[in-house]
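Take a look at the letters that make up each chain.
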Amino acid sequence: VQSVALKLIVERERAVANFSPQEYWNISVHLSKEKSKSDVPFTARISGSKKYKEDEAITIENNLRSSAFKVAKIKTTVSKSKAPEPFTTSTLQQESSRKIGGFSVSRTMRVAQQLYEGVALGKDGETGLITYMRTDSTSLSTTATSEMNGFIEEKYGVRYIGSGPRKSRRKSPVAAQEAHEAIRPTSVYRTPEQLGHYLSRDQLSLYTLIWKKALASRMADAENRITTVNIEASNKGSDTYKFLTSGSEPEFDGYMCLYKTDIGKVAETIDENEDHDEEEVAQQPVKLPELFEGDILNLVGVNNQRKETRPPPFFTQATFVRTLEESGIGRPSTYASIMATLEGRNYCSLENGKYRAELLGEKIVD
């Protein structure tokens, strides 16, 4: 497993080195409903996934400046953001690496071991605070779910209690070893606030993450009202161009009142160190003015932006763990030792939180 893990790092290093960027132009428009200065413009992007060349983009920009913009269609739906699953070994390693500064995979497992073995809680003595931290299972015992449901009802109200078990959305080519539960607090009534005096900073940070994630997994889904607006731009001398924009308004916060995530996405799928598509980030739903089909819109400006395709990102510890799991390489309990071996033998190194292949590592792979 160390050899094939090293091969992944070397192949990614070479993919980045051999990458040849291709330029393209991204076209969007700023529109407003009224001509008054108080009306805040909103942004719409040109429909489709085509990447335009420079001459095409300039032609479209010139045509748009003399076009009339009209709301062609409005569609409103309610989107549910499903509550997250409780932690497995792999997802705990990934999320602690992302959310807690300086938490490597090995540090996460070391602190989790301390929480599992037990911490002195004053007159209560040594107390194990979490369940076993080496597990592939996302299931919770009926005792745990009953306790969590009671806690949620007491603190947030009955509407915040989720329905049914959380089925795993993860896909792995390796059969799960589900002899244990998911990682959860041994009692949800031991809140992070109550334990603050007894835990070290590292222990409290990790326990808080585990406590919130387990409790959030039993809470109701968050709901957002999504409005999608199709806009047409046309003039007598050119083709009709179609644009798209969307807005989002919260209907019910659900689990997000406890466990914040990015707009409808489960936190473990988001990695702050990954190179996300800038267009995708820019198109996250925002609040729109009140619009109706047939409304005429005013063009405030055309944004014709030069972009370049980007190479695949270097692995962070979080994305490397996820790739190992998805590829069926090793087990979550071995990821820390795999990484320690590769770094210790100078096959690769961590630079600014990203894995870089060393010359010796490349020669080993070859």
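Residues numbered from 1 in each chain as written. Predicted model: local features only at pLDDT ≥ 70, side-chain atom pairs only at ≥ 80, totals over all residues. Heavy atoms only, no water.

This brings us to the overall build of the protein. Counting its regular elements, the protein contains 11 helices and 10 strands. Classification of the 366 residues of the protein by burial places 44% in the buried group. Counting contacts in the protein only where the partners sit at least 6 residues apart, residues at least 24 apart contribute 80% of the total. (Helix = DSSP H or I, 4+ residues; strand = E, 2+ residues; numbered from the N terminus. Buried < 20%, exposed > 50% of the residue type's maximum accessible area, 1.4 Å probe, protein only. Contact = heavy atoms within 4.5 Å.)

So, about helix α4 (residues 105–117). Over its 13 residues, α4 runs 18 Å from end to end, which matches the ideal 18 Å to within 8%, given 1.5 Å per residue. For α4, every residue scored as buried is listed here: V105, T108, M109, V111, A112 and L115. Note on α4: the residue one or two positions beyond its end, G118, has a positive phi of about 130°. (Expected span 1.5 Å × (residues − 1).)

In this description, an aromatic ring pair is defined by two values, namely the gap between the centres and the angle between the planes. What the rule picks out here adds up to 8 aromatic pairs. Pairing Y116 with Y132 gives two aromatic rings, centres 5.3 Å apart and planes at 65°, and the pair type is edge-to-face. Linking Y116 in helix α4 with Y132 in the loop between β5 (126–127) and α5 (142–155), this pair joins segments that are 16 residues apart in sequence. The structure contains a cluster of three or more aromatic residues connected by ring pairs, namely F151, Y189 and W211. Sitting over the ring of F252, R159 keeps its end group 3.8 Å from the ring centre. (Phe/Tyr/Trp six-rings, centres within 6.5 Å; stacked < 30°, edge-to-face > 60°. Lys NZ or Arg CZ within 6 Å of the ring centre and 35° of its normal.)

The subject of this paragraph is the nonpolar core. Among soluble globular proteins, nonpolar side chains are generally buried collectively. Counting residues in hydrophobic clusters, the biggest one holds 40 residues, and the most contacted among them are L129, I130, L206, Y207, L215 and Y255. Excluding residues within four positions of it along the chain, L129 makes contact with L115, V119, L121, R184, P185, T186, R190, L195, L199 and Y207. By size, the runner-up hydrophobic cluster in this structure holds 22 residues, among which are F69, V71, V229 and V302. (Core = buried A, V, L, I, M, F, W, Y, C linked by side-chain atoms within 4.5 Å.)

Remark: α4 packs on helix α7 (residues 201–216), axes separated minimally by 10 Å, with the N-to-C direction vectors making an angle of 90°. Viewed along their axes, α4 and α7 adopt a mutual orientation that is roughly perpendicular. On α7, the residues that touch R107, T108, V111, A112, Q114 and L115 of α4 are D202, Q203, L206 and Y207. Considered class by class, the residues forming the contact of α4 with α7 number 5 nonpolar, 3 polar and 2 charged. (Axes fitted to C-alpha atoms, helices over the stretch in contact; angles between N-to-C directions. Parallel < 35°, antiparallel > 145°, perpendicular 65-115°, else oblique. Nonpolar A, V, L, I, M, F, W, Y, C, P; charged D, E, K, R; others polar.)

Moving on: the sheet that holds strand β6 (residues 222–234). An order of β1-β2-β7-β6-β3-β8 is seen for the 6 strands of this closed barrel, with the pairing classed as antiparallel. The sheet shows a mean angle of 35° between the axes of neighbouring strands, direction not considered. As defined by bridge partners, strand β1 (residues 23–32) adjoins strand β2 (residues 42–46) across 4 bridges and the pair is classed as antiparallel. Along β2, the bridge assignment pairs V29 with A44. (Pairing = 2+ DSSP bridges.)

Throughout the structure, instances matching the rule amount to 15 salt bridges. Of the charged contacts in the structure, one is a salt bridge between R306 and E308, with a shortest N-O distance of 3.0 Å. According to the relative accessible area criterion, E308 is partly exposed, its value standing at 39%. Within the structure, one salt-bridge network assembled from shared partners comprises R14, E362 and D366. (Salt bridge = Lys/Arg side-chain N within 4 Å of Asp/Glu carboxyl O.)

This part covers helix α3 (residues 89–99). Counting buried residues in α3 gives 9 out of 11 residues, a clear majority hidden from the surface. Contacts made by the buried residues of α3 are with α4, α7, α9 (317–327) and α10 (335–344).

Packed helices, taken two at a time, are described by the angle their axes make and the gap between the axes. Here α5 crosses α7 at 90°, and the two axes come no closer than 10 Å. The angle between the axes of α5 and α7 places the two elements in the roughly perpendicular class. Contacts from M148, F151 and I152 of α5 reach α7 at W211, A214 and L215.

For β2 and strand β7 (residues 241–252), the ladder comprises 2 bridges, and the chain directions are antiparallel. Bridged to I46 within β7 is F243.

Let us look at the side chain of T131. Tracing the backbone shows T131 in the loop between β5 and α5. When near neighbours in sequence (up to four residues on either side) are disregarded, T131 contacts Y116, E181, A182, I183, R184 and T186.

The next thing to look at is the environment of A220. Within the element layout of this structure, A220 appears in the loop between α7 and β6. Taking the C-alpha atoms as reference, A220 lies 9.6 Å from V158; in sequence the two are 62 residues apart.

Time to look at the pairing of strand β9 (residues 348–351). Two strands pair when backbone bridges link them, and β9 and strand β10 (residues 354–357) are joined in this way by 4 bridges, in the antiparallel orientation. Bridged to L350 within β10 is Y355. Between β9 and the antiparallel strand that follows it, β10, lie 2 residues; N352 among them carries a positive phi value of about 55°.

Moving on: unusual backbone geometry. Residues other than glycine seldom take positive phi values, yet N346 does so here, at roughly 60°. Tracing the backbone through its elements, the reader meets N346 in the loop between α10 and β9. Judged by its relative accessible area of 51%, N346 falls in the exposed class. In this model, N352 sits at a positive phi of 55°, which is unusual for a non-glycine residue. With respect to the helices and strands, the residue N352 is situated in the loop between β9 and β10.

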